[in-house]
Amino acid sequence: MTQRAVPPHRVDLGTLRSFLAVYRSGGVAKAADALGLSQPAVSRHVKALERIAGRALFERSGRGIAPTEEGHLLATRVAGHLDALEGALDVVAPNADDHAAPVLFGAPADLLEAHILPRLAPMTAASGRTVHCRIGLSPELTEALLNDELDLAVVTKIEGAPTKQLYLRHLCDEEFVLIGRTGEPPFRDAARDARPFIGYSRAMPMARRYFRSCWDTLPPEPSLTVADMRAVVAAVRAGGGIGVVPRYLAQGGLDAGELAILHTPGRPVGNAIYLAARRGREQLPRVQAVFALLCGGTVGDVSDTSGA
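Bear in mind that the values here come from a model prediction, so they are computed numbers and not experimental data.

What counts and what doesn't
Residues numbered from 1 in each chain as written. Predicted model: local features only at pLDDT ≥ 70, side-chain atom pairs only at ≥ 80, totals over all residues. Heavy atoms only, no water. 1 Å grid on protein atoms, 1.4 Å probe; cavity = no way out; pocket = protein on both sides within 12 Å on 5 of 7 lines; lining within 4 Å. Points joined across faces, edges and corners; volume = space filled by probe spheres on them. Helix = DSSP H or I, 4+ residues; strand = E, 2+ residues; numbered from the N terminus. Core = buried A, V, L, I, M, F, W, Y, C linked by side-chain atoms within 4.5 Å. Buried < 20%, exposed > 50% of the residue type's maximum accessible area, 1.4 Å probe, protein only. Contact = heavy atoms within 4.5 Å. Phe/Tyr/Trp six-rings, centres within 6.5 Å; stacked < 30°, edge-to-face > 60°.

**Quick look at empty space enclosed by the protein**
Then, number 1: According to the stated counting rule, one finds 1 cavity of 30 Å³ or more in the structure shown.
Then, number 2: A volume near 50 Å³ is recorded for the largest cavity.
Then, number 3: If you go around the largest cavity, the residues you meet are I198, G199, Y200, M204, P205, M206, A207, M229 and V244.
Then, number 4: Of all the elements in the fold, those that place two or more residues in the lining of the largest cavity are β7 (198-199) and α7 (205-215).
Then, number 5: Among the elements that make up the lining of the largest cavity, the one with the highest residue count is α7 (3 residues).

**Considering the nonpolar core**
Then, number 1: Judged by nonpolar contacts, the single largest core of 28 residues is most densely connected at L178, F187, F197, V244 and V245.
Then, number 2: Going through the elements one at a time, β6 (166-181), α7, α8 (229-237), β9 (243-246), α9 (247-255) and β10 (259-263) are the ones with two or more residues in this core.
Then, number 3: In terms of residue count, the dominant contributor to this core is α8 (5 residues).
Then, number 4: With residues near it in sequence (within four places) discarded, L178 still touches F187, F197, Y210, W215, I242, G243, V244, A260, I261, L262 and H263.
Then, number 5: One finds L120, I273, L284 and C295 within the second-largest nonpolar core, a separate group that totals 23 residues.

**Points about unusual backbone geometry**
Then, number 1: A positive phi is found at D148, a non-glycine position, where the angle reads about 60°.
Then, number 2: Here D148 shows up in the loop between α6 (138-146) and β5 (152-155).

**Regarding the packing of aromatic side chains**
The geometry of an aromatic ring pair is captured by two quantities: the separation of the ring centres and the angle between the planes.
Then, number 1: The final tally for this structure, using the stated rule, is 9 aromatic pairs.
Then, number 2: Each ring, one from F187 and one from F197, has its centre 6.4 Å from the other, and the planes form 85°; the classification is edge-to-face. Within this pair, whereas F187 is found in the loop between β6 and β7, its partner F197 is found in the loop between β6 and β7, the two being separated by 10 residues in sequence. For the pair shown, F187 and F197 are each scored as buried.
Then, number 3: Here the aromatic cluster, defined as three or more aromatic residues joined through ring pairs, consists of F187, F197, Y210, F211 and W215.

Here's what the structure looks like:
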C-alpha cells in the first residue's frame, strides 16, 4: 500500500498558536506567558514557521517586535480558524472555572455609566460573578481585546479596525446634538461663527462627523478639551463654549432649561455603538452571558457588514 507523502509545509496547531500569540501580544515573552510555554519554545515555533515561509514573519521594532507584511498576511489567514477551534472546544468541554473567572470589560466612561452599569451591576449582584471594568476609547480598547487583556469592550468607532478579528453585536445608537447654554443664539454659519468649541479631544470626532454631515466642512479647533463627555457637557453648561455631544448626556440639562440645542440638522447625525469580543472568545459562557444581557436576542454577528 502506497503511503501518502506528508506535505513539507505541514505544521502543528501548537506552532500556529505560538505565532498568533506573538502577533497579538507583540512579544515572545508575553506570548509565552499567555500560552504557559517557555520563551525558547515559542521562539522555536516562530523560527520553524519562518523556515517554512522562507522569509521573516517579524522584525525588531523599538524594544519589541512587529509583524512583517508576510506576518500580517499569515495572521489574517489563520486567526479565524484557530479562534473557531478554541471556541468549539469551549462549547464541547466548557471550563469548570469559567464562572469563577472575572469578566474583563472595557468602555468609554460615559457609555459605561449610562448604558452598561445600570444593566451589568444587577447581574453581578444576582449571579455572584466578578466584573472588572476598564475605561478607555475605542482604539485602545480594540487593541486590548486583540491582546486578550479584555473579554468584551464597547466600541463606538469601527472604521479601519481589524473587524475580521472581532465578533461585533449592535448595542445601541447615539444621536449627536450641537448644544450651548440657554439663551445662546442659533448656530447657522459654520464659516463665520467664532464661538469657542469644547471637545473631548483635539480631533473631536463627533463634531467632525456632525460638521461634515451638515456643512461639508471641519469644525473649528477646540479651545478646551477634556477626555470625558460628561465633563464636556458640564463645561458647556458653565459657559465655556459650545459643543457636539450625545443627546443622552445633554438631555438632563435640556430638560432643566440649562442647555439648548443650537442647530437642527435635516437628518439626525449619530453613531452606531457595538459590543465586541475577540473572534472565538464569544463562545465563552461568561462572554455569552454578557452579550445576552446587554444585546439580547440572537442577533447575528455584524462584523462582516462593517466594510473592514
